[in-house]
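Per-entry structural report
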Amino acid sequence: MNTFDLEKIFQEKIDGEIKIEPKDWMPDAYRKTNIRQISQHAHSEIVGMLPEGNWISRAPSLKRKAILLAKVQDEAGHGLYLYSACETLGITREETINDLHSGKAKYSSIFNYPTLTWADMGAIGWLVDGAAIMNQVMLTRTSYGPYARAMVRICKEESFHQRQGFEILLVLSRGSEEQKAMCQDAINRWWWPSLMMFGPHDSESTNSEQSMKWKIKRKTNDELRQNFVDMCAEQVKILGMKLPDDKLKWNDKKQHYDFGEIDWNEFWNVVKGNGPCNKQRLDARRKAWEEGEWVREAAAAFAEKRKARQQAA
Amino acid sequence: MNQLLIDYTLHLADNSLILGQRNSEWCGHGPVLEQDIAITNISLDLIGQARNFYQYAAQLINAQDKSEGPKAPAPLERGFGGEVTEDSLAYLRKEREFSNCLLVEQPNKDWAQTILRQFFFSQYQYLLFEQLQNTKDEQLAAIAEKSLKEITYHLRWSGEWVIRLGDGTEESHQRMIKAIDELWRYTGEMFTPAEYEKTFGIDFNKIKEDWSQKVKIIFDEASLIPPLGGGGAAFMQTGGKTGKHTEHLGYILTELQYMQRAYPRCEW
Ligand SMILES: [Fe+2]
Ligand SMILES: [Fe+2]
Ligand SMILES: [Fe+2]
């Protein structure tokens, strides 16, 4: 079969909602886009462990400590599933990780912001996991089979994280004056970066159109962002807090909330590596990897020795 | 008698909490993703154990309070709605009030040291809890029995890593030797009972004997040798069980207790 026919069959499968599996023929660009997106997602899970990891040792109660530790551990698990999904496209975990450490691969910019107070654990759960879910629920129907299946597992845990985060904020919102202020401050700092998680406007987004056609994505950045704003604008009322946007207002005609414009200058700055924690996050990941090298080597050497001994016996 | 039970329960809780806190420092920084998850799992188990013990201790203290009048112990004076809780015990007791063994408060340093600390402790905890599940205090026995399943896994995991590192590369072998040199001196304390440990029918001599034997089996497989052949000659540091700690504990508590100290009497 020539490439033209293969591409036709491929697109027919996609249009017929049949998942693409690792052994199926796929256009090179489809493979590359999936590798880029899945690895970026995997890295986000792993780098995303750092800002919340920052509060494990200082969690304010034993119950909160256990919940936070389990949450950060879940993210490690998500990273594992996603690296595995990525490997089905013919790239090893080690290669993928090297791309992160060299700066070639990206991860979600949201994790380049610092976690300054305990309330940030709540705001991250509610807003960051919340925004991630919007995207990930869509991805449970993405066209590449292993990615879609990884997402089904992950989504269940993410919605749990979001509820836990909201609950942290709810307790703060009913606490002392200081706790309330801490809660509002965290929402103020995490709101705009969360909106940035959905990426540039559709009109500016380079990959969007092809990704929609291949059903890698099924909703545009702006659609997802709007859904997120609509959801949070209601939920924040339960907290008795405010979202930091003067333009936020229900629009009866559109049946959606209107909201203000993202500071795109800040957005591109963080993408380019100038966010408050870009350097620290990447340094931390590299350090863990480099300091772990002798451990991985020892494990490999031991496995070899054991195999040789078993063969000799 | 009740005070001994309270002290003993707190000692068991402190051991689990401090080691859990130490292990949790690895979360997000492990040498490989699977092991990051594994050490976090152990940390979660230990914090779970600590919570069980603290809750029991709190219950005993609160009951004692009612029967003996307003002679409240220190943590009670500091809030939490007038009752001692698992959190007041973990977050408001001070350096000299913690009675964990010195071993568990030692820093993570590298993976070798973390692994060896876990192995030494899990082997001890396994042998101790095997006996403790038959102790006459039903609640302690129940917690011990429940914890043993987890400890069995911690012991297997850490023992396998001791072997892997001891018999891995030259570098990993050297790092294990260094870890033994750092940590061996803190093992003797585990087998030297404090006053509060003496009335629960625990045979510490047997624990010590079995521990030495089990450690030797794993060390043999890992091509490692305990100092002075593992005999009784090596000098052992003690004091943790009676609140005389290494300088590390103060810093652990500074982080652990930060929120409760900075924002007293709050719900979280
Ligand atoms: Fe996740
Ligand atoms: Fe995610
Ligand atoms: Fe999450």
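Look up a bit, the structure's there.
Along every chain, residues carry numbers that run from 1 in the direction the sequence is written. Chains and ligands are labelled sequentially in the order written, the chains with letters from A and the ligands with numbers from 1. Selection of residues for local features in this predicted model requires a pLDDT of at least 70, selection of side-chain atom pairs for listing and counting requires 80 or more, and totals for whole chains, interfaces and linings are taken over all residues. To get the side-chain values, take all heavy atoms of the structure and skip hydrogens and water.

Remarks on the overall build of chain B
Broken down by element type, chain B carries 10 helices and 0 strands. Throughout, radius of gyration means the C-alpha value; the globule benchmark is 2.2 Å times the number of residues raised to the power 0.38. Against the globule reference of 18 Å for 268 residues, chain B gives a C-alpha radius of gyration of 19 Å, in line with a compact fold. Across its three principal axes, chain B shows a C-alpha extent of roughly 60 × 40 × 30 Å. Every one of the 268 residues in chain B was classed for burial, and the buried ones make up 60%. In what follows, a contact means two residues having at least one pair of non-hydrogen atoms within 4.5 Å. Contacts in chain B between residues at least 24 apart in sequence constitute 80% of all its contacts with a sequence separation of at least 6. Per-residue and other accessible areas follow the Shrake-Rupley method at a 1.4 Å probe size, with only the shown protein chains counted as cover for residues. Counting every atom, chain B has about 11100 Å² of accessible surface; 51% of that belongs to carbon and sulfur. Strands are runs of DSSP state E lasting at least two residues, helices are runs of H or I lasting at least four, and both sets are numbered from the N terminus onward. Relative accessibility under 20% of the residue-type maximum defines a buried residue, over 50% an exposed one, and the middle range a partly exposed one, all with a 1.4 Å probe and only protein chains included.

What about the overall build of chain A?
A tally of regular secondary structure across chain A gives 13 helices and 2 strands. For 313 residues, the compact-globule formula gives about 20 Å, and the C-alpha radius of gyration of chain A, at 21 Å, lands near that figure. Along the longest, intermediate and shortest principal axes, the C-alpha atoms of chain A span 70 × 50 × 35 Å. Each of the 313 residues in chain A was classed as buried or not, and the buried ones make up 55%. Residue pairs in contact within chain A that sit at least 24 positions apart in sequence constitute 77% of those at least 6 positions apart. With an accessible surface of roughly 14600 Å², chain A has 53% of that area assigned to carbon and sulfur atoms. His is not counted, nor are the chain ends; Lys and Arg add positive charge and Asp and Glu add negative charge. By convention, the charge on Lys lies at NZ, on Arg at CZ, on Asp at CG and on Glu at CD. Counting 46 positive and 44 negative side-chain charges, chain A places the averaged centre of each group 4 Å from the other.

Here we look at the coordination of the iron ion (ligand 1)
Residue and element names in this part refer to chain A. For the iron ion (ligand 1), the protein coordination sphere consists of Glu-45 (OE), Glu-75 (OE), His-78 (ND1) and Glu-158 (OE), at 2.0 to 2.1 Å. Only nitrogen, oxygen and sulfur atoms count as donors, using a 2.8 Å cut-off from the metal that widens to 3.2 Å for Na, K and Ca. Water is left out, so coordination shells may look unfilled. All geometry calls rest on donor angles, where a four-donor set with angles between 85 and 135 degrees is tetrahedral, four- and six-donor sets with opposite donors more than 155 degrees apart and all others between 65 and 115 are square planar and octahedral, and all else is irregular. Every donor counted, the 4 donor atoms about the iron ion (ligand 1) form angles of 86 to 138° at the centre, which fits irregular coordination. The two metals, the iron ion (ligand 1) and the iron ion (ligand 2), are separated by 3.3 Å and share Glu-45 as a common coordinating residue. Of this pair, His-78 sits in helix 4 (residues 62–87) while Glu-158 sits in helix 7 (residues 145–173), and the two are 80 residues apart along the sequence. No difference in accessibility class separates His-78 from Glu-158, as the two residues are buried.

Quick notes on the coordination of the iron ion (ligand 3)
All names here are of chain A. Donor atoms from the polypeptide that coordinate the iron ion (ligand 3) comprise Glu-75 (OE), Asp-129 (OD), Glu-158 (OE) and His-161 (ND1), at 1.9 to 2.3 Å from the metal. Read N to C, the donor residues that coordinate the iron ion (ligand 3) are spaced as E-x53-D-x28-E-x2-H. In this structure, the iron ion (ligand 3) lies 3.6 Å away from the iron ion (ligand 1), the two metals sharing Glu-75 as a donor. Taken as a pair, Asp-129 in helix 6 (residues 119–139) and Glu-158 in helix 7 lie far apart in primary sequence, 29 residues in all. Classification of Asp-129 as buried rests on a relative accessible area of 4%.

Looking at the interface of chain A and chain B
Of the residues lining the interface, 47 residues belong to chain A; the matching set on chain B comes to 47 residues. Just to be clear on terms, a salt bridge is a Lys or Arg side-chain nitrogen sitting within 4 Å of an Asp or Glu carboxyl oxygen. Connecting chain A to chain B are 3 salt bridges. Between Asp-167 of chain B and Lys-305 of chain A there is a salt bridge; the shortest N-O distance is 3.2 Å. Counting of polar contacts relies on pairs of N or O atoms within 3.5 Å, with two restrictions inside protein: one atom must be capable of donating a hydrogen and the other of accepting it, and residues adjacent in sequence are counted only when both atoms are side-chain atoms. Our enumeration of links across chain A and chain B arrives at 18 residue pairs in polar contact (both at pLDDT 80 or more). Counting only elements with at least two residues in the side of chain A that touches chain B, the list comes to helix 3 (49–53), helix 4, helix 7, helix 8 (177–196), helix 12 (278–291) and helix 13 (293–312) of chain A.

With respect to the pattern of salt bridges
Side chains that differ in charge, positive against negative, can pair when their charged atoms come close. Per the counting criterion, the structure on display carries 32 salt bridges over all chains. Put simply, Arg-309 of chain A and Asp-167 of chain B hold a salt bridge, and the shortest N to O gap is 2.8 Å. Of the two residues, Arg-309 of chain A sits in helix 13 while Asp-167 of chain B sits in the loop between helix 6 (138–166) and helix 7 (170–183), which places them in two different chains. For Arg-309 of chain A, a relative accessible area of 44% translates into the label partly exposed. Asp-167 of chain B sits in the buried class, given a relative accessible area of 9%. Members of the salt-bridge network, linked through shared partners, are Glu-52, Lys-71, Glu-75 and Asp-129 of chain A.

Remarks on a negative patch on the surface
Residue and element names in this part refer to chain A. The grouping of Glu-94, Glu-95, Glu-290, Glu-293 and Glu-297 at the surface amounts to a negative patch. Of all elements in the fold, only helix 5 (93–102) and helix 13 reach the threshold of two or more residues within the negative patch. Mapped onto the secondary structure, Glu-95 falls in helix 5. Residues with no salt bridge and a relative accessible area higher than 30% make up the patches, which join like charges within 9 Å and nonpolar side chains (Val, Leu, Ile, Met, Phe, Trp, Tyr) within 5 Å.

Here we look at the nonpolar core
Residues and elements named next belong to chain A. Residues belong to one nonpolar core when they are buried, are Ala, Val, Leu, Ile, Met, Phe, Trp, Tyr or Cys, and are joined through side-chain atoms within 4.5 Å. Grouped together as the largest cluster of nonpolar side chains are 93 residues, with contacts concentrated most on Tyr-30, Trp-118, Trp-126, Trp-190, Trp-191 and Phe-228. Considering every element that reaches this core, the biggest residue donor is helix 6, with 11 residues. Not counting residues within four places of it along the chain, the set of residues in contact with Trp-191 comprises Leu-127, Phe-228, Val-229, Cys-232, Leu-243, Pro-244 and Asp-245.

Comments concerning the packing of aromatic side chains
Pairing of aromatic rings covers Phe, Tyr and Trp, the last through its six-membered ring, and needs centres within 6.5 Å; plane angles under 30 degrees mean stacked, over 60 mean edge-to-face, and all others mean tilted. Counted by the stated rule, this structure contains 27 aromatic pairs over all chains. A centroid spacing of 5.7 Å and a plane angle of 65° characterise the contact between Trp-126 of chain A and Phe-166 of chain A, whose relative ring orientation is edge-to-face. Here the residue Trp-126 of chain A occupies a position in helix 6, and Phe-166 of chain A occupies one in helix 7, the gap between them amounting to 40 residues. No difference in accessibility class separates Trp-126 of chain A from Phe-166 of chain A, as the two residues are buried. Measuring from ring centre to ring centre gives 5.3 Å for Phe-120 of chain B and Trp-211 of chain B, while their planes differ by 55°; the resulting arrangement is tilted. Linking Phe-120 of chain B in helix 5 (residues 111–132) with Trp-211 of chain B in helix 8 (residues 204–221), this pair joins segments that are 91 residues apart in sequence. What makes Phe-120 of chain B buried here is its relative accessible area of 0%. You can call Trp-211 of chain B buried: its relative accessible area is 2%.

Quick word on unusual backbone geometry
Despite not being glycine, Glu-17 of chain A shows a phi value in the positive range, around 60°. With respect to the secondary-structure elements, Glu-17 of chain A resides in the loop between helix 1 (3–15) and helix 2 (28–47).

Some points on the packing of helix 7 of chain A against helix 10 (residues 221–239) of chain A
Residues and elements named next belong to chain A. Axis definition: a line fitted to C-alpha atoms, limited for helices to the stretch in contact. Angles are taken between N-to-C directions and run from 0 to 180 degrees. As a packed pair, helix 7 and helix 10 sit with axes 9 Å apart at the nearest point and diverge in direction by 35°. Across the interface between the two elements, Gln-162, Phe-166, Leu-169, Leu-170 and Ser-173 from helix 7 touch Met-231, Gln-235, Ile-238 and Leu-239 from helix 10. Class assignment for the residues of the contact of helix 7 with helix 10 results in 6 nonpolar, 3 polar and no charged. Each residue gets one of three labels, nonpolar for Ala, Val, Leu, Ile, Met, Phe, Trp, Tyr, Cys and Pro, charged for Asp, Glu, Lys and Arg, and polar for the others, Gly among them.

Notes on the side chain of Asp-45 of chain B
All names here are of chain B. Along the polypeptide, Asp-45 turns up in helix 2 (residues 33–68). Nearest to the buried, unbridged Asp-45 among oppositely charged side chains is Lys-146, at 8.8 Å. In this view, Asp-45 contacts Glu-150 and His-154; residues no more than four positions away in its chain are not counted.

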